[in-house]
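Given next are the chains, with one letter for each unit.
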Amino acid sequence: MAKGLSGRQVILAASRKTEEMEELIRRQGGEPLNYPLQGTSFLNEEQLRAPMRAYLEQPVDWSIFMTGMGLNAMLGIAEEEGIREAFVQKIQQTKVAARGYKTANVLKSLDCDIAARDDDGTTEGMIRAFDGHDFRQKQVMVQLHGIENPRLRQYLEEHGAEVYDILPYQHTPPEEAVAAECLENILNAGSDAICFTTAIQVHALFQYAAQAERTRELEEALRRQVMPTAVGKVTAEALRERGIDDYVVPDNERMGAMIVALSKHFEQRKD
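The residue numbers shown here count from 1 along each chain, following its written sequence. Per-residue local features are limited, in this predicted model, to residues with pLDDT of at least 70; the limit for side-chain atom pairs, both in listing and counting, is 80 or more; totals at the level of whole chains, interfaces and linings are taken over all residues. The side-chain figures draw on all heavy atoms in the structure; neither hydrogens nor water molecules are used.

Runs of E in the DSSP output that reach at least two residues are strands. Runs of H or I that reach at least four are helices, and both are numbered from the N terminus. Looking only at helices and strands, one finds 12 helices and 11 strands in the chain. Taking 271 residues into account, the globule formula puts the C-alpha radius of gyration at 18 Å, and the chain, at 20 Å, falls close to it. Structurally, the chain occupies a C-alpha span of about 65 × 35 × 35 Å along its principal axes. The rule is simple: take the accessible area with a 1.4 Å probe, protein chains only, and divide by the maximum for that residue type; under 20% is buried, over 50% is exposed, in between is partly exposed. The buried share of the chain, reckoned over its 271 residues, is 49%. Throughout, the radius of gyration refers to the C-alpha atoms, and the reference size of a globule is 2.2 Å times the residue count to the power 0.38.

The following block contains the structure:
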């Protein structure tokens, strides 16, 4: 009996646990192809100090934390700078929002009341949590990870907030040659699917396509030729933000479940 990925080539955009995913793809009859698009993230301590001091010195109505890792990084810098107590007190004096359970747990450990909390780990979940809150003329600090979040900024500004971001981590893109080869493969329908395990991989591919002035071609290829596959809700949201609404995503947000879901998708297709 033919397996779901028989005769299919599947791109892996991840840089971690690729051997495990390669084996899973082969078990389903497919051929894996690696184009790591993750890039690297690093803690930019020097560029973090000034925004954190500004956060302490200026009026802030809302503090929105999008990652527990980023919040912990800020707490570490505050400790080094001798301002940890003042930093925590500042958070406590503002209305606080948290995306993700890890972020919420860090804030709870600081005895911070959480005024808004997402329901699914996504930006849209965070926005739903803001329903009923008034952001008119409010000063809002948003802690991101290594990339900006235009959707969240747009929502806050449209509701009257003055927004500034703090990015504890800086993100560097993947090797240009890798991104170029991956893009060419997709545009030429060289593969049948591409598996993304983080939102950053999606953004990296589209950023390179924009640099090459081929964004529209990429969108069409992912809609018509190469099936985009996301490991979970947050990664799927990154695809939707880029206008890609048809994708495979497993109910169980695990890499193995992603490969199985992709295999089942192709089994159900008649072509």
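Still to come is the rest of the account.
Let us look at the state of the cysteines. When two cysteine sulfur atoms are found within 2.5 Å, that pair is recorded as a disulfide. Within the structure shown, the criterion is met by 0 disulfides. Free of any disulfide, Cys 182 has its nearest neighbouring cysteine sulfur in Cys 195, separated by 11 Å. Assessed through its relative accessible area of 0%, Cys 182 is described here as buried.

Another aspect to go through is the packing of helix α2 (residues 45-57) against helix α4 (residues 84-93). Orientation is described by lines fitted to C-alpha atoms, with helices fitted over the stretch in contact, and by angles between N-to-C directions that extend from 0 to 180 degrees. Interhelical geometry of α2 versus α4 gives an angle of 55° and a closest axis separation of 10 Å. Judged by the inter-axis angle, α2 sits oblique to α4. Of the two possible hands of crossing, α2 and α4 adopt the one that is left-handed. Where α2 approaches α4, its residues Met 52, Tyr 55 and Leu 56 are matched on the opposing element by Ala 86, Phe 87, Lys 90 and Ile 91. The residue classification treats Ala, Val, Leu, Ile, Met, Phe, Trp, Tyr, Cys and Pro as nonpolar and Asp, Glu, Lys and Arg as charged. All others, Gly included, are polar. Of the residues contributing to the contact of α2 with α4, the split by class is 6 nonpolar, no polar and 1 charged. Comment on the angle field: the value is read as roughly parallel under 35 degrees, roughly antiparallel over 145, roughly perpendicular from 65 to 115, and oblique elsewhere. A crossing counts as left-handed when the near helix is turned anticlockwise from the far one by less than a right angle, and as right-handed when that turn is clockwise. Contacts are assigned to residue pairs with any non-hydrogen atoms lying within 4.5 Å of each other.

The rule is short: rings of Phe, Tyr and Trp, with Trp giving its six-membered ring, pair when the centres are within 6.5 Å, and they are stacked under 30 degrees, edge-to-face over 60, tilted in between. Summed over the entire model, instances satisfying the criterion amount to 5 aromatic pairs. Arranged with centres 5.8 Å apart and planes meeting at 80°, the rings of Trp 62 and Phe 130 form a pair that is edge-to-face. Pair noted here: Trp 62 is in strand β4 (residues 62-65) and Phe 130 is in the loop between α6 (123-129) and β7 (139-143), with a separation of 68 residues, a long-range link. Its relative accessible area of 1% is what places Trp 62 among the buried residues. Overall, the relative accessible area of 0% leaves Phe 130 in the buried class. Look at Phe 130 and Tyr 155: their rings are 6.1 Å apart centre to centre, the planes differ by 20°, and that puts the pair in the stacked class. Note that Phe 130 is positioned in the loop between α6 and β7 and Tyr 155 in helix α7 (residues 150-158), a separation of 25 residues in sequence. In this pair, the class of Phe 130 matches that of Tyr 155, namely buried. These aromatic residues form a ring-pair network of at least three members: Trp 62, Phe 130, Phe 135 and Tyr 155.

Below, the discussion takes up the environment of Asp 119. Within the fold, Asp 119 resides in the loop between β6 (116-117) and α6. Sequence separation between Asp 119 and Ala 129 is 10 residues; the distance between their C-alpha atoms is 7.6 Å. Once you skip the residues sitting within four places of it in the chain, Asp 119 turns out to touch Gly 125 and Arg 128. Throughout this description, a polar contact denotes any pair of N or O atoms lying within 3.5 Å of each other; where both atoms belong to protein, one of them has to be capable of donating a hydrogen while the other can accept it, and for residues adjacent in sequence the pair is counted only when both atoms sit in side chains. A polar contact is formed between the side chain of Asp 119 and the side chain of Arg 128, at a distance of 2.7 Å.

Attention now moves to helix α10 (residues 215-224). Counting along an α-helix, one turn takes 3.6 residues, and residues three or four places apart therefore face a common direction. Buried within α10 we find Leu 218, Ala 221 and Leu 222. With its buried residues spanning 95° around the axis, α10 presents them on a single face. Across α10 from its buried face, at more than 90 degrees, point the exposed residues Arg 216 and Arg 224. Residues of α10 that are buried sit in contact with α8 (176-187), β10 (193-196), α9 (199-211) and β11 (227-230). Note that the arc is computed from the directions linking the helix axis to the C-beta atoms.

Our focus in this paragraph is the sheet that holds strand β5 (residues 95-98). Only strands that DSSP links by at least two bridges are regarded as paired with each other. With respect to topology, 5 strands assemble into an open sheet ordered β6-β5-β4-β7-β8, the strand pairing being parallel. Only two strands of the sheet have a single neighbouring strand rather than two, namely β6 and β8 (162-166). Running at roughly 155° to β8, α7 makes contact with β4, β7 and β8 of the sheet.

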